[in-house]
Amino acid sequence: MKIGLTLSGGAVHGVAHLGALKALEELAVPIHAISGVSSGAIAGAFYAAGYAPEEIFSIVAQVKIWRLARLAFSKRGLFILDKLAQEFQKYLGNHTFETLRVPLIIGTTDLRQGTSIYFSSGDLIRPLLASNTVPLLCPPYEYQDYLLVDGGLTNNLPIECLQDITDFTIAVHVNPMNPQAPLRTFRSILERTTHLAINNNVEPRLKLCDLLIEPPRLKYYSLTDLKNARLMFDAGYEQTLKFADKLLQLKE
């Protein structure tokens, strides 16, 4: 049985993907293909390149990878991602999609057509940057005649692209919503608005998942809460282990 793994976007919540990957490794569940957007694409790319989940977490924590946007007021956005590109080059510069140990698909959004664009061959870093280009905050990323931004804008759980190449799909979704969260600040209202918009395109895709892993504890953390990154990692790890019996059956 070929098992596919799709990793949603979710900013700092994306470290929960690393916890899930660690649990899957401990259970020796073979992953035959990975798809991801935004922070899910980062986790998937580093893992597919051969980095262990704990190693990826150390890199993320050390360089504060989600704070590498540089303020640069322009007509098209407030931040540019040149420093993030440098970090990707440092750790992934020797790789293309073809050299990864696990096939990877990165989801992006083409602003011109309003459609999801997937990359699975050739240059790795540019699609990875495009998938982490936040609309309005960052200038759209021009690549292969597309005007690209975060893949989560149109599809934050890119599971469709795995269906023809795998037999069983595991989805790790790191954006559970907390209805009781107070909405008193600009940031909290912005995050809730983002959640509503993104979860709207996730909902119809949930029925395509054979197994959904959604750590409920993540709803108590902000999307930018770096200080609790380890707790988010642990949440992904522990939630995945709750499905150990079903995951072990897949191997059989």
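Criteria and thresholds
Residues numbered from 1 in each chain as written. Predicted model: local features only at pLDDT ≥ 70, side-chain atom pairs only at ≥ 80, totals over all residues. Heavy atoms only, no water. Axes fitted to C-alpha atoms, helices over the stretch in contact; angles between N-to-C directions. Helix = DSSP H or I, 4+ residues; strand = E, 2+ residues; numbered from the N terminus. Parallel < 35°, antiparallel > 145°, perpendicular 65-115°, else oblique. Left-handed = near helix turned anticlockwise from the far one by under 90°. Contact = heavy atoms within 4.5 Å. Buried < 20%, exposed > 50% of the residue type's maximum accessible area, 1.4 Å probe, protein only. Arc of directions from axis to C-beta.

As recorded by an unreviewed UniProt entry, the chain carries the name Patatin-like phospholipase family protein and is attributed to Adhaeribacter swui.

Describing two packed helices takes the angle between their axes plus the distance from one axis to the other. For the pair helix 2 (residues 39–48) and helix 4 (residues 82–92), the least separation of the axes is 11 Å and the interaxial angle reads 20 degrees. Classified by the angle between their axes, helix 2 and helix 4 sit roughly parallel to one another. Considering the relative orientation of helix 2 and helix 4, their crossing is left-handed. Where helix 2 approaches helix 4, its residues I42, A45 and F46 are matched on the opposing element by F88, Y91 and L92.

Looking now at helix 8 (residues 244–251). Of the positions making up helix 8, those classed as buried are A244, L247 and L250. The arc enclosing the buried residues of helix 8, seen along the axis, measures out at 115 degrees, which places them on a common side. Residues of helix 8 that are exposed and point more than 90 degrees away from the buried face comprise D245 and Q249. Buried residues along helix 8 sit in contact with strand 1 (3–7), helix 1 (15–26), strand 9 (168–172), strand 10 (211–213) and helix 7 (229–241).

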